[in-house]
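# An overview of the molecular structure
The residues making up each chain are set out below.
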Amino acid sequence: MKMKRINSKVILCLMLSAIMALTTGCSGGAAGTPAGGDAGKAAAGSTGAAINKTADVIVVGGGGAGLAAATSAAENGASVILIEKAAILGGNTARSGGVFNAVDPERQKNVKMTKPLLEDLTALLDAKESDFGDFGPTLTVLKGQIREYLKSGDKNVLFDSVELHMIHTYLGGKRVSLDGKTTITGKLDLVRTLCTNALGSIQWLEGYGLKWNDNISTVLGALWPRTHSNTMPVGSGYIKTLSDAAVKLGAEIMLETKANELIVENGKVVGVKATKTDGTPVTLRANKGVVMATGGFGANPEMRAKYNIYWEKMPLDMPTTNSPTATGDGIIMGEAVGANLVGMGFIQLMPSSQPVTGLLSGGLWSSAESQVFVNKEGKRFVNEYAERDVLSKAALKQTDSMFYIICDQVTAGNPQPGGKNGWGDNIDDLIKTKSVYKADTLEDLEKQLGMPSGALVAEIRKYNSYIDNQKDPDFGKKNFGPKLEKPPFYATPRTSSVHHTMGGLEIDSYARVLDKSGKVIPGFYAAGEVTGGIHAGNRLGGNAVADIITFGRIAGKSAAKAQ
Ligand code: ADP
């Protein structure tokens, strides 16, 4: 019995070393240079002796926001300890699509301005500033830019600006609760900070070795072609790049270390109490500040149900795209020290999730321009270029609350036999397990899907004619990809699942956490999905990673400078 326990411990240590080597690029089991105090003493395998450490900055959570904060704090001269409750870094960031919105004149100059996008843009000239609240002055600046573009710009090349990104974020986020009593919008200073710094965040990551693709598209629910992708699978590039960077800069990473509460002295956050998976108590003191980066609460069904004020139903068993670690810990810990919570009732459902697993993986499609959604009857039912909540609301009304994404060989991203999709799924396996249906003709595809004879064929013929005319009289789709005409054809079944919790700790544009009277809580910073106030009632697709990296970087710097 004893022997067995020792063996399993040794195996666990070996596994952890392997995981750390993979995720942080470390060759040994310890993650980086000790940060201060008695940091660096072996903790793994502890039988319960308390661990006490001190660093300038303590970061809680090892997803994109936390790793950005750790890297940035270390860049700014701070000693850093990052704790992560799971046995592996990554959180929701690693399993996200990894796409990133930023206004990027260099890469966007290859994107064409289409007729429906131009119509969408010029419609803003008729919008009233008084309908845009704090964003009224932003609209005024944007109108000037649009007029300038119409007068002298090359109208074949896409228009974009920081102000347009801000207005899209505002419009995409402005929502009213189910009972009509709460209207929510993004906070101007946070939205401006996000949209102004997003390109800088891309360049910052580039500086640490992340390679970006040149092509720009629109991820589902992004509203405009400004979505970037990088060369690494889904969200893994952010985790690998930033964990390597943080460790190289001297940050210590402690896995399997769950924060339980913040330590407050004289009204200042000065540390964190945590527990290792084996029960070892850990006390971490921060000379300068604590950055909360624990992600959202999408995997906490009770918390979702408690706060939801937007969806008619939020059943406890609703599937989620989230990592099981997204349980809202940082929101609870923050609230316990007086932090204000904002936007907690608004939760994003991802319309295009795998019906059985609720995950984003397991399908075939490309950008929002190219996606065609049809219901079980073979009929389109929505503008596929709309916001995610609009798509989910429409999709939940269809038979069995599900639909199919229809692609041809081109819009499916040119899949090859034996090849993999962007999530690393083997495409042949997806077809075998009917996660994806494949057919040489649309007639055969609709037969496999059990749709009424001729329905899908007629719908795709009609949709292709809308592409010819660049106008969708049925649902007003705002941007189109290529026609669906190159066999084979594919159908991916999809349904809605819990994706992103927009609410959380209120922060200012320095990522300082605010209390209920709007005052900064000294020593307390937050970034990423644990925060609220940016995405309001509905986050734009592609704005999450831009947010977590941008505000993670800001939080790390603010904490390092005790700003
Ligand atoms: P973000 O996108 O905001 O970075 P992620 O979900 O990617 O959010 O990352 C959050 C990370 O925080 C996850 O890896 C999760 O396991 C970790 N985490 C959540 N709660 C705690 C906690 N109490 N202590 C330490 N780490 C935590």
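The structure this text deals with has already been given above.
A brief look at the structure comes next. (Residues numbered from 1 in each chain as written. Predicted model: local features only at pLDDT ≥ 70, side-chain atom pairs only at ≥ 80, totals over all residues. Heavy atoms only, no water.)

## A word on the overall build of the chain
To keep things clear, this is the line we draw: Per the convention used, a helix needs a DSSP run of H or I reaching at least four residues, while a strand needs a run of E reaching at least two, with both numbered from the N terminus. Here the globule rule reads 2.2 Å times residues to the power 0.38, and the radius of gyration is calculated from C-alpha atoms. Relative accessibility thresholds used throughout: buried, under 20% of the residue-type maximum; exposed, over 50%; partly exposed, between the two (1.4 Å probe, protein chains only). In this description, contact between two residues means that some pair of their heavy atoms is separated by no more than 4.5 Å. The protein chains shown are the only cover counted for residues, whose accessible areas, like all others here, come from Shrake-Rupley with a 1.4 Å probe. Charge counting follows a simple rule: Lys and Arg are positive, Asp and Glu are negative, and His as well as the terminal groups are ignored. Think of each charge as sitting on NZ of Lys, CZ of Arg, CG of Asp or CD of Glu.
Helix and strand content of the chain: 16 helices and 20 strands. Taking 24 Å as the expected radius of gyration for a compact globule of 563 residues, we find that the chain reaches 24 Å, a close match to that expectation. Over its C-alpha atoms, taken along the principal directions, the chain stretches across nearly 70 × 60 × 45 Å. With 563 residues in all, the chain has 58% of them scored as buried. Considering only residue pairs separated by 6 or more positions, the chain has 75% of its internal contacts joining residues 24 or more positions apart. Roughly 22000 Å² of accessible area belongs to the chain as shown, and the carbon and sulfur atoms make up 54% of that amount. For the chain, the distance from the average site of its 61 positive side-chain charges to the average site of its 55 negative ones is 4 Å.

## A word on the side chain of D160
The following threshold applies: Contacts described as polar in this section are N or O atom pairs within 3.5 Å, which, within protein, must combine one atom able to donate a hydrogen with one able to accept it, while residues neighboring in sequence count only if both atoms come from side chains.
Mapped onto the elements, D160 comes out in the loop between helix 6 (136–152) and helix 7 (162–173). At 2.8 Å, the side chain of D160 forms a polar contact with the side chain of Q108. Reaching out from D160, the side chain makes a polar contact with the side chain of R226 at a distance of 2.8 Å. When neighbours within four sequence positions are excluded, D160 is seen to be in contact with V103, Q108, H165, W224 and R226.

## Some words on the environment of L456
Looking at the secondary structure, you find L456 in helix 15 (residues 455–469). In this structure, the C-alpha to C-alpha distance between L456 and E446, residues 10 residues apart in sequence, is 6.0 Å. Setting aside residues up to four positions removed in sequence, L456 forms contacts with V374, G378, I406, L442, L445, E446 and M451.

## Examining the site of the ligand
The condition that has to hold: By convention in these notes, a residue is near a molecule or strand provided one of its non-hydrogen atoms lies within 4 Å of it.
In the neighbourhood of the ligand, 25 residues make up the surrounding shell, with A65, E84, T93, D329 and E529 lying closest. In the model, a nitrogen atom of the ligand is placed 2.9 Å from a nitrogen or oxygen of the D329 side chain. Here an oxygen atom of the ligand sits 2.8 Å away from a polar atom, N or O, in the main chain of E529. Coverage of the ligand by the protein chains reaches 98% of its 580 Å² of free accessible surface.

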